[in-house]
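Below, each chain spelled out in residue letters.
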Amino acid sequence: MRHTGFRRTFVAIGVCSSLALAATACGSGDDDTASGKTRITVNCEPPKSAKVDRKFFDDDTAAFEKQNPDIDVVAHDAFPCQDPKTFGAKLAGGQMEDVFYTYFTDARHVVAINQAADLTPYLKDLKSYDTIQKQLRDIYTVDGKVYGIPRTGYSMGLIYNRKLFQKAGLDPDKPPATWEEVRADAKKIAALGGGTVGYADYSAQNQGGWHFTAELYSQGGDVVGADGKAGVDTPEGHAVLQNLHDMRWTDDSMGSKQLLIINDVQQMMGSGKLGMYLSAPDNIPILVKEKGGDYKDLALAPMPGGKGTLIGGDGYMFNKKDTPAQIRAGLKWLDHMFLTPGKGFLGDYARAKRNDAPVGLPEPRLFTGAADAEDQQVKKANANVPVENYQAFLDGNHQLRMKIEPPNAQQIYSVLDSVVSAVLTKKDADIGQLLKEASAKIDSIPRS
């Protein structure tokens, strides 16, 4: 599922404009060696409306070109970084940039339709590759070959309001660790009255299906099993829906307004009227900067249930038409921009702090070993948010199984959306029948 961005609140970009296409083809394979330079086109440059981030990106790219005078980087911007409406068409039409942004869920599809360059022979040119978390590297590895490089990663957790926990007589330093505890705490928070909601969940625009998947993972289940068959009509799937049903209809702790999407829930949390909802750390600055929240009131816990959590993120893949020189140049650019601990577009924490961007959120956490230690040290030195509010999330995540979104995620989420919305809007919804029908629909989705 598309996430809202990491550390900053812009959603970055990636569609070649017609002007850019006229000037230089996206992913043409022409590396302009006649001029003595290797030219690469890249995407996901922040929009002009995000002035600070645009300047950071352009400054970092200019610094890279100065250090590598034999490489010319042509950045393309649009909105968003990857538009589902155009991504497939760009791939099919051979108009993708030389180095192009993808969500984790796209990796295998891009490889399956033969639109990605095999990076395996060139990994020695990417000095940071072995420092990246293996579970993230594996997302872009297909049949033993590497086709992409992770840029960021996130995992789902439970955002909660410390102030409401205190008002409800709960210990804000001991967030709920099980779904039974979530239900009990939500009931106490809702009892505060005044329109306060204990727990909220999405149930529209595929977002309900996304959260159902995260909740199923937390119970130890799978949306799609190892045999490729739907895994929703299971005890774990029933437990997810029964818990939502009971909070909504028995406890009245989810409020009467349903069919919510991310913006609705963020608004509730930012205004101080919501106790808990599922999300990743990148929601926290949005709650503060756009929805009226306060960093000191917002905390993060690991996914309840203790068995698993949904992970996602993004990275870059390379056009199959790229020349060897372009691949090497692109890997150098990625190292400079995103993969050097404590530096670059996402890692220059001192610069971010100077520009009032939040520093100290627990994710993204891309690296391992010494690289991770260095990155975390620089982050801690520049932290400007209450990092102690996220310690439970950091501690608890080590115990969880990290699971990526399922194949054909958006089609599956569309099916599951109707299941979640039915449970939250119809008191007598038949959970067993809903899951039986959803299972059949998921099994009928063509595999890509």
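Residues numbered from 1 in each chain as written. Predicted model: local features only at pLDDT ≥ 70, side-chain atom pairs only at ≥ 80, totals over all residues. Heavy atoms only, no water.

A.B. asks: Describe the layout of surface pockets, listing the residues and the values that go with them.
C.D. replies: The computed volume of the second largest pocket comes to approximately 370 Å³. Lining the second largest pocket are 17 residues, with Gln-133, Gln-135, Glu-363, Arg-365 and Met-402 positioned closest to its centre. Those elements giving two or more residues to the lining of the second largest pocket turn out to be helix H5 (134-137), strand S6 (148-155) and helix H16 (391-397). When grouped by side-chain class, the residues that make up the lining of the second largest pocket number 8 nonpolar, 7 polar and 2 charged. (1 Å grid on protein atoms, 1.4 Å probe; cavity = no way out; pocket = protein on both sides within 12 Å on 5 of 7 lines; lining within 4 Å. Points joined across faces, edges and corners; volume = space filled by probe spheres on them. Helix = DSSP H or I, 4+ residues; strand = E, 2+ residues; numbered from the N terminus. Nonpolar A, V, L, I, M, F, W, Y, C, P; charged D, E, K, R; others polar.)

A.B. asks: Pulling in residues and values, what's your account of the sheet that holds strand S10 (residues 298-302)?
C.D. replies: Spatially, S8-S9-S7-S10 is the arrangement adopted by the 4 strands of the open sheet, whose pairing is mixed. Each edge of the open sheet is held by one strand with a lone partner, namely strand S8 (197-199) and S10. Averaged over all neighbouring strand pairs, the angle between strand axes comes to 25°, with direction disregarded. (Pairing = 2+ DSSP bridges. Axes fitted to C-alpha atoms, helices over the stretch in contact; angles between N-to-C directions.)

A.B. asks: Run through the environment of Ser-256, naming residues and quoting values.
C.D. replies: On the secondary structure map, Ser-256 appears in the loop between helix H9 (235-250) and helix H10 (262-270). In this structure Ser-256 comes out as exposed when scored by relative accessible area, which is 65%. When the C-alpha positions of Ser-256 and Tyr-154 are compared, they lie 31 Å apart, and in sequence the two are 102 residues distant. (Buried < 20%, exposed > 50% of the residue type's maximum accessible area, 1.4 Å probe, protein only.)

A.B. asks: If you had to explain the state of the cysteines to someone new, which residues and values would you point to?
C.D. replies: What the rule picks out here adds up to 1 disulfide. Each disulfide pairs two cysteine sulfurs, and for Cys-44 the partner residue is Cys-81, the sulfurs being separated by 1.7 Å. Here Cys-44 is found in the loop between strand S1 (38-42) and helix H2 (51-67), whereas its partner Cys-81 is found in the loop between strand S2 (71-75) and helix H3 (84-92), with 37 residues between them in sequence. Note on accessibility: Cys-44 and Cys-81 belong to one class, buried. (Disulfide = S-S within 2.5 Å.)

A.B. asks: Account for the packing of aromatic side chains, with residues named and values stated.
C.D. replies: Per the stated rule, a full pass over the model turns up 12 aromatic pairs. Taking 6.2 Å as the distance between ring centres and 35° as the angle between the ring planes, the aromatic pair formed by Tyr-202 and Trp-210 counts as tilted. The same class applies to Tyr-202 as to Trp-210, namely buried. Pairing Phe-338 with Phe-345 gives two aromatic rings, centres 6.2 Å apart and planes at 80°, and the pair type is edge-to-face. The class for Phe-338 is buried, based on a relative accessible area of 6%. We classify Phe-345 as buried; its relative accessible area is 1%. In this structure an aromatic cluster arises from ring pairing among Phe-57, Tyr-101, Tyr-103, Tyr-316, Trp-333, Phe-338 and Phe-345. (Phe/Tyr/Trp six-rings, centres within 6.5 Å; stacked < 30°, edge-to-face > 60°.)

A.B. asks: Just give me the short version of the packing of helix H17 (residues 409-425) against helix H18 (residues 431-443), but keep the residues and values in it.
C.D. replies: Two elements in contact, H17 and H18, have axes whose closest approach is 9 Å; the angle formed by their N-to-C orientations is 170°. The orientation of H17 relative to H18 falls into the category roughly antiparallel. Residues Ile-412, Val-415, Leu-416, Val-419, Ala-422 and Val-423 of H17 form the contact with H18, whose participating residues are Ile-431, Leu-434, Leu-435, Ala-438, Lys-441 and Ile-442. For the contact of H17 with H18, a count of residues per class yields 11 nonpolar, no polar and 1 charged. (Parallel < 35°, antiparallel > 145°, perpendicular 65-115°, else oblique. Contact = heavy atoms within 4.5 Å.)

A.B. asks: Before we move on, can you summarise the nonpolar core with the specific residues and values?
C.D. replies: The biggest cluster of nonpolar side chains holds 72 residues, and the ones touching the most others in it are Tyr-199, Phe-212, Val-232, Leu-241, Leu-244 and Met-276. It is H17 that provides the largest number of residues to this core, a total of 10 residues. Ranked by size, the runner-up nonpolar core spans 52 residues in total, among them Phe-87, Tyr-101, Leu-119 and Met-317. (Core = buried A, V, L, I, M, F, W, Y, C linked by side-chain atoms within 4.5 Å.)

A.B. asks: Give me the lowdown on the confidence of the model for the chain, citing residues and values where you can.
C.D. replies: Chain-level pLDDT for the chain is 91 on average; 92% of the residues reach the 70-or-more range. Predicted confidence for residues 4-25 stays below pLDDT 50, and this span has 81 contacts to residues more than four positions away or in other chains. (pLDDT = per-residue confidence, 0-100.)

A.B. asks: Describe helix H7 (residues 179-190), naming the residues involved and giving the relevant values.
C.D. replies: The first and last C-alpha atoms of H7 sit 16 Å apart over 12 residues, in line with the 16 Å expected at 1.5 Å per residue. Residues of H7 that are buried sit in contact with strand S7 (157-161), helix H6 (162-167), S8, helix H8 (207-218), H9 and strand S9 (274-279). (Expected span 1.5 Å × (residues − 1).)

A.B. asks: Describe the pattern of salt bridges, naming the residues involved and giving the relevant values.
C.D. replies: Under the counting rule described, the total for this entry stands at 19 salt bridges. Two residues, Lys-90 and Glu-97, come together in a salt bridge whose shortest N-O distance is 3.1 Å. Glu-97 matches Lys-90 in its accessibility class, with the two residues each being buried. Residues participating in the shared-partner salt-bridge network are Glu-45, Arg-54, Asp-58 and Asp-77. (Salt bridge = Lys/Arg side-chain N within 4 Å of Asp/Glu carboxyl O.)

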